[in-house]
Amino acid sequence: MRICAMLSLKSAADLRWQIATDWLEAAQRKGHRVQFVFFYHAAAYAALNLAEAESRRWQALAQHDDAVLMLCRTGLAQAGLSPSEATLPEPWRLGGLSQYLAAMQAADRVVSF
């Protein structure tokens, strides 16, 4: 099963952030493919400010299925950031809702945290 997910959490300290990571890793262990994760608005800023251990978990999740981990460009702009694709650390990419909508159409399941 191909999975597309959206995180719309304000902080990495939010318990749902841990639930999302655990859920997606469990899905991978069961043989499902995490294709795309969209970090919407404040979640984009939070993703760039994760603790190193949590950041490594997301990197491993992305590498496992060659998943796209996309940060909301508008969310970063609202936080006062304007990074370019070249300045983002791996595995993060910049994008918007249009890419998320395309990923939703290609997925078998869509989940939101």
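Residues numbered from 1 in each chain as written. Predicted model: local features only at pLDDT ≥ 70, side-chain atom pairs only at ≥ 80, totals over all residues. Heavy atoms only, no water.

K.L.:
What's the story with the environment of A12 in this structure? I'm lost.
P.N.:
Mapped onto the elements, A12 comes out in the loop between strand 1 (2-7) and helix 1 (15-29). Remark: the alpha-carbon pair of A12 and A46, spanning 34 residues in sequence, is separated by 5.6 Å. The residues touching A12, leaving out its near neighbours within four places in the chain, are W17, A46 and L50. (Helix = DSSP H or I, 4+ residues; strand = E, 2+ residues; numbered from the N terminus. Contact = heavy atoms within 4.5 Å.)

K.L.:
Looking at this structure, I do not really get the packing of aromatic side chains. What am I missing?
P.N.:
Counted by the stated rule, this structure contains eight aromatic pairs. Pairing W17 with F39 gives two aromatic rings, centres 5.9 Å apart and planes at 40°, and the pair type is tilted. With W17 in helix 1 and F39 in strand 2 (residues 33-39), this pair connects stretches of sequence that are 22 residues apart. On the basis of relative accessible area, F39 is assigned to the buried category, the value being 0%. (Phe/Tyr/Trp six-rings, centres within 6.5 Å; stacked < 30°, edge-to-face > 60°. Buried < 20%, exposed > 50% of the residue type's maximum accessible area, 1.4 Å probe, protein only.)

K.L.:
Where do I start with the nonpolar core in this structure?
P.N.:
Considering soluble globular proteins, one finds that nonpolar side chains tend to be buried as a cluster. Ranked by size, the top nonpolar core spans 38 residues in total, and within it L7, W17, V37, F39, W58, L71 and W92 carry the most contacts. Not counting the four nearest positions on each side in its chain, W17 is found in contact with L7, L9, S11, A12, F39, A43, A46, A47, L50, E54 and W58. (Core = buried A, V, L, I, M, F, W, Y, C linked by side-chain atoms within 4.5 Å.)

K.L.:
Just checking my understanding: could you explain helix 3 (residues 52-65) for this structure?
P.N.:
Quick reminder: α-helices carry 3.6 residues per turn. Residues three or four places apart thus point the same way. The end-to-end C-alpha distance of helix 3, which contains 14 residues, comes to 21 Å, matching closely the 20 Å that a straight helix rising 1.5 Å per residue would cover. Packed against the buried residues of helix 3 are strand 1, helix 1, strand 2, strand 3 (68-72) and strand 4 (92-95). Count one or two residues on from helix 3 and you reach D66, which has phi positive near 55°. (Expected span 1.5 Å × (residues − 1).)

K.L.:
I tried to follow unusual backbone geometry on my own but got confused; where do I start?
P.N.:
For residues besides glycine, phi is generally negative; the peptide bonds are generally trans as well. A cis amide bond, omega 10°, links E90 with the succeeding residue P91. Take P91: it is sitting in the loop between helix 4 (73-78) and strand 4. Phi angles above zero are rare outside glycine, and H41 is one such case at about 45°. Within the secondary structure layout, H41 lies in the loop between strand 2 and helix 2 (42-48).

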